[in-house]
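Examining the three-dimensional arrangement
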Amino acid sequence: MSRGPHAWLLALVLAAAAAGFGEARAEPPAAGLDAHGQLQNPALQARFERIAKELRCLQCQNESIADSNADLARDLRRQVREMLVAGKSDDAIFSFMTDRYGEFVRFAPPLSPKTALIWGAPFFMLLLGGAVIYPRRPTTLAHAPGRLT
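Residues numbered from 1 in each chain as written. Predicted model: local features only at pLDDT ≥ 70, side-chain atom pairs only at ≥ 80, totals over all residues. Heavy atoms only, no water.

**Some remarks on the overall build of the chain**
Per the secondary structure count, the chain includes 5 helices and 0 strands. Of the regular secondary structure in the chain, the N- to C-terminal order runs α-α-α-α-α. Expressed as a percentage of its 149 residues, the buried residues of the chain come to 21%. Restricting the contact set of the chain to residue pairs at least 6 apart, pairs at least 24 apart contribute 42%. When the accessible surface of the chain is summed, it comes to about 11,800 Å², and 62% of that surface belongs to carbon and sulfur atoms. (Helix = DSSP H or I, 4+ residues; strand = E, 2+ residues; numbered from the N terminus. Buried < 20%, exposed > 50% of the residue type's maximum accessible area, 1.4 Å probe, protein only. Contact = heavy atoms within 4.5 Å. Areas by Shrake-Rupley, 256 points an atom, 1.4 Å probe, with all protein chains shown as cover.)

Next comes the structure, spelled out in structure tokens:
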């Protein structure tokens, strides 16, 4: 049972179509990005890298979005790139992320009354504990300096 020359031709056409189909589905790089997904402007790329290191991956929680390979981290990196290309400031990007995901998204949240209380409470408790453990001894009048007995 031999296959005719048409079978080879059909196989060749299908192979070429399959190879071309993979290329057709590849997404073109977004505006402002090079073929490797980095921003074409070196200053914007430096800002992107700094911002990505300061934002926490909400899925991994101990990694920045720059270091994480989670889908959520990829989405956050894409959003940061888009905002940088759109001309947003660093503060606007951090505000957007904080408003959307809460202060936990920042590795180093800005100082506010709430964060000051959170960071200051352990030191206050340490001082309070020291005051309870080492109370001041009351002085008696008999042993007060300058008193004649």
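Next comes the rest of the write-up.
**Regarding the packing of aromatic side chains**
Applying the stated rule across the entire model yields 0 aromatic pairs. Just above the ring of Phe104 sits the side chain of Arg56; from NZ or CZ to the centre is 4.3 Å. Geometry around Phe94 places Arg106 over its ring, the cationic atom sitting 4.1 Å from the centre. (Phe/Tyr/Trp six-rings, centres within 6.5 Å; stacked < 30°, edge-to-face > 60°. Lys NZ or Arg CZ within 6 Å of the ring centre and 35° of its normal.)

**A few points about the packing of helix H3 (residues 71-85) against helix H4 (residues 90-101)**
In contact at an axis separation of 10 Å, H3 and H4 are set at 145 degrees when each is read in the N-to-C sense. The way H3 lies across H4 gives a crossing that is right-handed. Contacts between H3 and H4 involve Leu76, Gln79, Val80, Met83 and Leu84 from the former and Asp90, Ile93, Phe96, Met97, Arg100 and Tyr101 from the latter. A class-by-class count of the residues in the contact of H3 with H4 yields 8 nonpolar, 1 polar and 2 charged. (Axes fitted to C-alpha atoms, helices over the stretch in contact; angles between N-to-C directions. Left-handed = near helix turned anticlockwise from the far one by under 90°. Nonpolar A, V, L, I, M, F, W, Y, C, P; charged D, E, K, R; others polar.)

**Things to note about the nonpolar core**
Generally speaking, nonpolar side chains in soluble globular proteins are found buried as a group. Judged by nonpolar contacts, the single largest core of 19 residues is most densely connected at Ile51, Leu55, Ile65, Val80, Leu84 and Met97. Only helix H2 (42-54), H3 and H4 provide two or more residues apiece to this core. Looking at this core element by element, the count peaks at 5 residues for H3. If we skip the residues at most four places from it in the chain, Leu84 touches Leu39, Leu44, Arg47, Phe48, Ile51, Asp90 and Ile93. (Core = buried A, V, L, I, M, F, W, Y, C linked by side-chain atoms within 4.5 Å.)

**Brief notes about H3**
Over its 15 residues, H3 runs 21 Å from end to end, which matches the ideal 21 Å to within 8%, given 1.5 Å per residue. Buried residues in H3 make contact with H2 and H4. Positive backbone phi, at 95 degrees, marks Gly87, one or two positions downstream of H3. (Expected span 1.5 Å × (residues − 1).)

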